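Structural characterization, general
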Amino acid sequence: MTAPDTLLTSSTSLQKAVAWIGETMRQHPEKQRSKVIAEAELRFDLTPAECEFLNRNFKEIGC
């Protein structure tokens, strides 16, 4: 069985969401990262596991 993080990294939607979050934070550093992540979760129709991955790994990372 494959590890959950390995499965998540193969998700096209998750990859697009991560790229979009990075681009959005570069263009709008004044935005709250948690709100950008929440928008990405909806915009890219992420699964609960993908949302958890984003929240666990990207909420505290600086640009």
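For the structure itself, look to the data block above.
This structure is a prediction, so every number in the text was calculated from the model and none was measured.

**A few points about the pattern of salt bridges**
Enumeration according to the criterion identifies 3 salt bridges in this entry. A salt bridge links Arg 26 to Glu 23; the nearest nitrogen and oxygen atoms lie 3.2 Å apart. Taken together, the residues span about one helical turn, with Arg 26 and Glu 23 both in helix H2 (residues 12–27) at a distance of 3 residues. With a relative accessible area of 59%, Arg 26 lands in the exposed category. By relative accessible area, Glu 23 is classed as partly exposed at 34%.

**As for helix H3 (residues 33–43)**
Burial in H3 covers these residues: Arg 33, Val 36, Ile 37, Ala 40 and Glu 41. Buried residues of H3, seen end-on, are gathered within an arc of 140° and therefore sit on one face of the element. Residues of H3 that are exposed and point more than 90 degrees away from the buried face comprise Lys 35 and Leu 42. The secondary structure elements touched by the buried residues of H3 are H2 and helix H4 (48–58). Note on H3: the residue one or two positions beyond its end, Asp 45, has a positive phi of about 50°.

**Focus on the side chain of Glu 50**
By the secondary structure assignment, Glu 50 is in helix H4. This buried residue, Glu 50, is left without a salt bridge; Lys 16 holds the nearest opposite charge, at 12 Å. Within the structure, Glu 50 has its side chain in polar contact with the backbone nitrogen of Thr 47 (distance 2.8 Å).

**Examining the environment of Lys 31**
With respect to the element layout, Lys 31 can be found in the loop between H2 and H3. Beyond its immediate chain neighbours, meaning those up to four positions away, Lys 31 contacts Thr 24, Met 25 and Val 36.

How each quantity is defined
Residues numbered from 1 in each chain as written. Predicted model: local features only at pLDDT ≥ 70, side-chain atom pairs only at ≥ 80, totals over all residues. Heavy atoms only, no water. Salt bridge = Lys/Arg side-chain N within 4 Å of Asp/Glu carboxyl O. Helix = DSSP H or I, 4+ residues; strand = E, 2+ residues; numbered from the N terminus. Buried < 20%, exposed > 50% of the residue type's maximum accessible area, 1.4 Å probe, protein only. Arc of directions from axis to C-beta. Contact = heavy atoms within 4.5 Å. Lys, Arg positive; Asp, Glu negative; His and termini not counted. Polar contact = N/O pair within 3.5 Å; in protein donor to acceptor, adjacent residues only side chain to side chain.

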